[in-house]
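# Coordinates in review
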Amino acid sequence: MTMDMTKFGPALKQLYTDQKVENLTYPENPLYAMVEKYNSFFGDSYPQPLQYGNPQNSSHTFSDAQGNSSSSTLGKFLLTRVSDYSIARVQNEVAEASSNDKGAFLKALTNEVDSAMMTAAASLSIDMYGDKSGARGKIKSTTNLATTTLVLDEADSVVRFEIGQRLTFAAAKSSGAERNGGAYLTVVAVDRDLGTLTMSGVLNTISGITVGDYIFLKGNRNLSLAGLDAWLPESAPIAGDNFFGLDRSVDPTRLGGLRFDASSMSIEEGLIKALARLCREGGRPDVVMVNYLDFADLEAALGSKVQYMVTNAFANGKIGFSGIQIKHNKGVANVIADQYCPRGVAYALTMKTWKLRSLKQPVRILDLDGNKVLRVTNDDAVEARIGGYRQLACNAPGWNMRIKLS
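Let me begin by describing the structure that accompanies this report. (Residues numbered from 1 in each chain as written. Predicted model: local features only at pLDDT ≥ 70, side-chain atom pairs only at ≥ 80, totals over all residues. Heavy atoms only, no water.)

### Observations regarding the packing of helix α9 (residues 267-280) against helix α10 (residues 292-302)
Contact geometry of α9 with α10 gives a least axis separation of 9 Å together with a crossing angle of 100°. Overall, the two elements α9 and α10 adopt an arrangement that is roughly perpendicular. Taken together, the residues of α10 that come into contact with α9 (itself represented by Ile 267, Glu 268 and Leu 271) are Asp 294, Asp 297, Leu 298, Ala 301 and Leu 302. Classifying every residue of the contact of α9 with α10 by side-chain character gives five nonpolar, no polar and three charged. (Axes fitted to C-alpha atoms, helices over the stretch in contact; angles between N-to-C directions. Helix = DSSP H or I, 4+ residues; strand = E, 2+ residues; numbered from the N terminus. Parallel < 35°, antiparallel > 145°, perpendicular 65-115°, else oblique. Contact = heavy atoms within 4.5 Å. Nonpolar A, V, L, I, M, F, W, Y, C, P; charged D, E, K, R; others polar.)

Here is the structure:
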């Protein structure tokens with residue numbers, strides 16, 4: 001007998017509560033887990049206001065103080081959402097074969113949905129460190145383009161790649177077109193020790209491809225949310241900058257965050273001095289995100305002096321992230337490792353200034369019509385659609401910092 005798909009919608013609804021989704025998606029994605037969520041991003045855009053200057057009607061002379069016409073310096077970022085999708089699909093043969101055991105089919109379906117949820121969370125977490133371009137890596141100069149082996153410029157970026165991904169290439173992160181009209185190759189193997197990808201075809205079958213090209217998931221280029229690398233860019237914004245409608249060059253620090261070069265210092269000294277500078281600018285950093293290997297370097301440098309602390313996920317005290325405590329002028333910051341944080345870069349964050357704004361939950365089953373399980377029109381299968389519509393927001397970039405560690 002044919003499996004009745006309508007019976008599995010209510011079952012999935014009971015299984016995938018907000019708590020269940022958090023338990024699936026938070027543990028391996030600390031930045032995503034810790035940021036405050038705001039799930040009412042309705043309308044076409046959201047004006048994120050901020051104040052980056054106080055009135056300057058000040059003088060030792062009353063008439064001069066009264067005569068100045070200065071007022072608070074205000075601005076706004078006009079935020080727009082980006083969408084992201086992950087599909088969980090089960091072949092009908094599995095459904096038919098287990099038609100006398102609905103529990104067996106539900107187990108197969110929930111396994112795929114769980115996996116698709118984790119893929120969606122990983123995609124969001126990667127983007128939260130990005131610069132809106134969607135670039136996931138770069139082709140290393142030693143790559144032989146006449147082979148199927150792609151060597152990643154940064155071996156640690158291998159965590160952003162999985163077997164089955166379709167990859168496209170471009171000379172620049174954002175400008176210009178993708179190589180060969182967006183032609184793609186598929187990842188068929190990953191060497192996570194060497195930082196190499198084996199592709200489905202010889203690399204130079206993509207017309208124009210060259211070493212140094214940026215790598216994108218097909219359909220992602222210039223469609224990712226504005227992550228930390230966009231809000232706190234490596235270089236200070238210059239005249240003509242247009243970030244969500246605001247020219248940040250008028251005050252690159254308060255509108256585009258701080259930048260601190262600690263590459264010539266020990267990691268312990270660099271973080272302490274960086275946090276002191278951030279405190280001077282008004283920040284109260286409570287979290288510093290680093291790569292796992294940079295975290296290990298800090299832990300080794302501190303030795304017996306290391307002190308650990310835990311920061312909980314937003315509104316979920318059952319999920320916490322252990323890190324290393326660093327004291328600063330205004331309190332303490334928890335240095336936390338995240339696999340998607342780039343190697344050699346740390347982000348010192350005043351967490352109360354950040355929000356992940358989304359339409360409903362940022363990662364969820366998309367079921368506007370009430371159907372959580374759908375028949376696939378061009379495949380002998382059923383599917384559940386996972387995704388979200390969201391944007392990262394900051395109301396005080398100047399209270400946050402990008403730190404160059406190496």
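### As for the pairing of strand β7 (residues 166-170)
Counting buried positions along β7 gives four out of five residues, so the element sits mostly inside the fold. Pairing of β7 with strand β8 (residues 185-191), which is carried by two bridges, proceeds in the antiparallel orientation. Paired with Leu 167 across the bridge in β8 is Leu 185. The pairing of β7 with strand β10 (residues 214-217) spans four bridges and is antiparallel. Bridge assignment links Ala 170 to a residue of β10, and that residue is Tyr 214. (Buried < 20%, exposed > 50% of the residue type's maximum accessible area, 1.4 Å probe, protein only. Pairing = 2+ DSSP bridges.)

### Things to note about the sheet that holds strand β5 (residues 137-138)
Strand order in the open sheet made by the six strands is β5-β10-β7-β8-β9-β6, with antiparallel pairing throughout. Each of the sheet's edge strands pairs with one partner strand only, and the pair in question is β5 and β6 (149-151). Where β6 meets strand β9 (residues 196-199), three bridges bridge the pair, whose relative direction is antiparallel. Across the sheet, the residue bridging to Thr 149 is Thr 198, located in β9.

### Overview of the pattern of salt bridges
Under the counting rule described, the total for this entry stands at 18 salt bridges. Salt-bridge contacts for Asp 84 lead to Arg 390; the nearest nitrogen and oxygen are separated by 3.0 Å. Remark: Arg 390 occurs in strand β20 (residues 381-394) and Asp 84 occurs in strand β4 (residues 82-91); sequence separation between them is 306 residues. As far as burial versus exposure is concerned, Asp 84 and Arg 390 are alike and both buried. (Salt bridge = Lys/Arg side-chain N within 4 Å of Asp/Glu carboxyl O.)

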